Structure formats: C-alpha cells, structure tokens
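Working through the structure, step by step
Letter by letter, the chains look like this.
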Amino acid sequence: MNNTPGTRALRARLLASAHMYAAHGMYVHPLLVGAKEPRWLDWEARATRDPEVIERTWGRAPFNIGVACGPSGLVALDLDVPHAGEVSGFPEIVDGMTMLDALAARTPGAHIMPTMTVLTPSGGRHLVYGAPAGVAVRNTARTLGFCLDTRAAGGYIVGIGSVVDGAAYVLKDGSPTEPAVLPDWLLTLVTAAPRPPKAGGAPRRADVVARLQELTRQGTREERWAAGILRSECDELAAMKQPGGRNTRLNLAAYRAGQLVAAGLVDQAVAEEHLTEAAQACGLGADTPREIEKTIRSGMTAGLSRPRRMGTTPVRRMGGAA
C-alpha cells in the first residue's frame, strides 16, 4: 500500500502538477489523500511555491493538491452540477455552466472569456481567472446563481491530477494553461454578492469517521486489525476535550500508528492524516498549528523503529506508554 507501482505513478503525477502550478506563480498546499480537505490546519499561510518544499511534501505521499486562491491572486468560478432533487426553477438552467451562460446573456456586452478550465470528477468545472490588481475579491456560495460558487481570498480549489472517489481533476482539452484576468462584468457580480462563511476548513468529523470505518472493512484480516487500532486511537484522541494530556496522547497514538506502518499494515500518509484530524477535533493546534505536525513526527519516528504485528505483545517505550 505504501509503495505500489500505482501509488508511485500517482505521486509522480501530483508532484509534477504541483511544480507546474508553482512555475505559473500559484501557491499550493497538500490536501488529504483521495479527498478535498486540507492536510495543513493553516493551509493559506503555508501554501508555497518553493520547489524544495513541494518535493518534500508530494515526494513522500500522493497528496491531492490545493491551490490557494488568495496568495495566488486567483478568482475561480466553481460551476457545479446539482445534487439529487435540486432544480433551478428555470428549464434552461440545469447546472453551473448554464447558470453562467444565463448571467452573461442578461448582462449587456458580457461574454465568457476563455481561461484555464479544469474539469472536476462530479461533472462540473473550474474557470480559473486572475484577480484584478488592487481589488478585494472574496468567496461566494451560490449567491451568484444556481450551482455557481466562487473561490478567492480565503478559499482554494482542487488542483489538476488530484483524485477523489477514483476520478481525477483534469485540464479541459484545448484550455489555456494561464488564467485570464477576471472580466469586469463578473467582477461586479462577485463583489456585489452577499458574504458567505469562509471556505476551506477542516474536514467534518463524521466524514473522517466514515473513512476510518471503511478502512476496517478492507484488506487482509491483519490489515483490518491494524485499521481498527488506528480508528480506536483517533476516536480516543478526538474525544479528549480537556487541555491537559492531549499532546501526550497524540504522541502515543502516533507511536502506535508508527508501529503498524513499520509492519506494512497501515499507510503512513493515511495514518498521519487521521491523527491530524483527530488532534484538530480535540482542540490541538489552535494557537500553534505546527505543534500537531511536530508531535506526530516525533511519535511516528519512534514507532517506526518497533514494528508491531497481530498476535504480538505491544512493545513499551520509556515512560511506560504501550
């Protein structure tokens, strides 16, 4: 699971895509493997164009790519498809793209300028524009129209090559690879829209629990056993609401996860993602976001030196932690 040919190929594609974005002046940050949630709590501040940071990050695991719109100077139109039973009330408007067409048709002199266009796994698309200089542009959530959101400062879009539910985000055939400047008519609509809640937070706990439950139903009997241990460690950590002892408990959970990683039973990137989410759920990292990453690294490194397999007695560390 850690280093299969398929994983290596995906990691290489995502690494190349992250470098491509950086070369075009865009700032990237890792998302969870196979998901759209940020891996870093302070993702907007840490988004980077540094080739060395990109190599270290995407060279070790096939993290999906987040493109931070604010630092990158981007405004992205997220043209979605409707959920089951969702309708616009107008027969000609069936999704985000037809909504945008309708907005252009009712605005004198407006047309949809060709720009960098990314097709999403759901059947929607992202139209990626450059933000006009000196203008504050922010996120909107369906305030412009049916199935139409925007991502700007405080938001991010999922990058090319990222895979969600087995399908990839891809550059549309014939699309420009450079964003055009956001047209004035769209700028007017976006800046006049009501302010939504800030986009791009941590993953919902229910979604993460569901992914952990799915892990316990996959693989060999021993892999399911290991996934059950990881799930238990994360559940116990997430349930801790009192400040005392949470960082120590995270270190112990990372140590135990590291033992399973060393035995080849759990993917390290997956374990770190779930530990990070559980740590955020119990309140760690609010004031010092890198605290979580440092603690996980410390515990994981210690555990990697002591592999644990099913049927073996847990090895105890100094200090009595199992």
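These lines cover the structure that appears in this document, whether it is placed above or below. Starting afresh in each chain, residues are numbered from 1 along the sequence in its written order. For a predicted model such as this one, the threshold for reporting local features is a pLDDT of at least 70, and the threshold for listing and counting side-chain atom pairs is 80 or more; totals across whole chains, interfaces and linings nevertheless cover every residue. Calculated side-chain values reflect all of the structure's heavy atoms, with hydrogen atoms and water omitted.

**Description of the sheet that holds strand 1 (residues 27-31)**
- The pairing criterion for strands is at least two bridges between them, as found by DSSP. Strands are runs of DSSP state E lasting at least 2 residues, helices are runs of H or I lasting at least 4, and numbering of each runs from the N terminus. Strand order in the open sheet formed by three strands is 1-2-8, and the pairing between neighbours is antiparallel. Lying at the two open borders of the sheet, with one neighbouring strand each, are strand 1 and strand 8 (156-158). The sheet shows a mean angle of 35 degrees between the axes of neighbouring strands, direction not considered.
- The pairing of strand 2 (residues 64-68) with strand 8 spans three bridges and is antiparallel. Pairing of Val 67 across the sheet is with Ile 157, part of strand 8.
- Across the sheet, helix 1 (residues 5-23) lies against strand 1 and strand 2, angled at about 10 degrees from strand 2, the strand it touches most.
- Strands in contact with helix 3 (residues 51-58) are strand 1 and strand 2; relative to strand 1, the strand with the most contacts, it is inclined by about 15 degrees. Think of each axis as a best-fit line through the C-alpha atoms, taken over the contacting stretch in the case of a helix, with angles from 0 to 180 degrees between the N-to-C directions. By definition, residues are in contact when any of their heavy atoms lie within 4.5 Å.

**As for the nonpolar core**
- Nonpolar cores were defined as sets of buried Ala, Val, Leu, Ile, Met, Phe, Trp, Tyr and Cys residues, with membership established by side-chain atoms within 4.5 Å. Accessible area is worked out with a 1.4 Å probe on protein chains only. A residue is then buried under 20% of its type maximum, exposed over 50%, and partly exposed in between. By size, the foremost hydrophobic cluster in this structure holds 32 residues, and its most contacted members are Tyr 21, Val 28, Ile 54, Trp 58, Ile 65 and Val 67.
- Elements represented by at least two residues in this core include exactly helix 1, strand 1, helix 3, strand 2, strand 3 (74-79), strand 4 (116-119) and strand 8.
- Looking at this core element by element, the count peaks at six residues for helix 1.
- Once residues within four sequence positions are removed from consideration, Tyr 21 is found in contact with Met 26, Val 28, Ile 65, Val 67, Met 116, Val 118, Gly 159 and Ile 160.

**What about the packing of aromatic side chains?**
- Between the rings of Phe, Tyr and Trp (Trp by its six-membered ring), a pair exists once the centres lie within 6.5 Å; its type follows the angle of the planes, with under 30 degrees stacked, over 60 edge-to-face, and the other angles tilted. What the rule picks out here adds up to one aromatic pair.
- Relative to Tyr 156, the ring of Trp 43 has its centre 4.9 Å away and its plane inclined at 70 degrees; by these criteria the two rings are edge-to-face. In this pair, Trp 43 sits in helix 2 (residues 43-46) while Tyr 156 sits in strand 8, placing the two residues 113 residues apart along the sequence.
- On the accessibility criterion, Tyr 156 (13% relative accessible area) is buried.
- Its end group placed over the ring of Trp 40, Arg 46 keeps NZ or CZ at 4.1 Å from the ring centre. A ring is considered to have a charge above it if a Lys NZ or an Arg CZ atom is located within 6 Å of its centre and within 35 degrees of its normal.

**A look at the side chain of Thr 115**
- With respect to the helices and strands, Thr 115 occurs in the loop between helix 5 (96-105) and strand 4.
- By relative accessible area, which is 3% here, Thr 115 ends up buried.
- Pairs of N or O atoms within 3.5 Å make up the polar contacts considered here, provided that, within protein, one atom can donate a hydrogen while the other can accept it, and that residues adjacent in sequence are counted only when both atoms are side-chain atoms. Engagement of the side chain of Thr 115 in a polar contact is seen with the backbone oxygen of Val 128, the distance being 2.5 Å.

**Quick notes on the environment of Ala 168**
- Its place among the elements puts Ala 168 in strand 10 (residues 167-168).
- The exposure class assigned to Ala 168 is partly exposed, which follows from its relative accessible area of 35%.
- Taking the C-alpha atoms as reference points, Ala 168 and Pro 121, separated by 47 residues in sequence, lie 6.0 Å from one another.
- The residues contacting Ala 168, other than those within four sequence positions of it, are Leu 119, Pro 121, Ser 162 and Val 163.

**A look at the pairing of strand 5 (residues 125-130)**
- Along strand 5, five of the six residues are buried, which leaves the element largely enclosed by surrounding structure.
- Alignment of strand 3 against strand 5, held across six bridges, turns out to be antiparallel. Bridge pairing in strand 5 links Asp 78 to His 126.
- Bridge analysis of strand 4 against strand 5 gives four bridges, and the strand direction is antiparallel.

**Side note on the pattern of salt bridges**
- We count a salt bridge whenever a side-chain nitrogen from Lys or Arg sits within 4 Å of a carboxyl oxygen from Asp or Glu. Scanning all chains against the criterion turns up 11 salt bridges.
- The salt bridge partner of Arg 231 is Asp 235, with a shortest N-O separation of 3.8 Å. Pair noted here: Arg 231 and Asp 235 are both in helix 8 (residues 221-238), with a separation of four residues, about one helical turn.
- Of the residues examined, Arg 231 reaches a relative accessible area of 27% and is grouped as partly exposed.
- For Asp 235, a relative accessible area of 31% corresponds to the partly exposed category.
- Two residues, Glu 236 and Arg 249, come together in a salt bridge whose shortest N-O distance is 2.8 Å. With Glu 236 in helix 8 and Arg 249 in helix 9 (residues 246-262), this residue pair connects regions lying 13 residues apart in the sequence.
- Residue Glu 236 is classed as partly exposed on the basis of its relative accessible area of 43%.
- Its relative accessible area of 12% is what places Arg 249 among the buried residues.
- Taken together, the shared-partner salt bridges connect Asp 42, Arg 46, Glu 293 and Arg 297 into one network.

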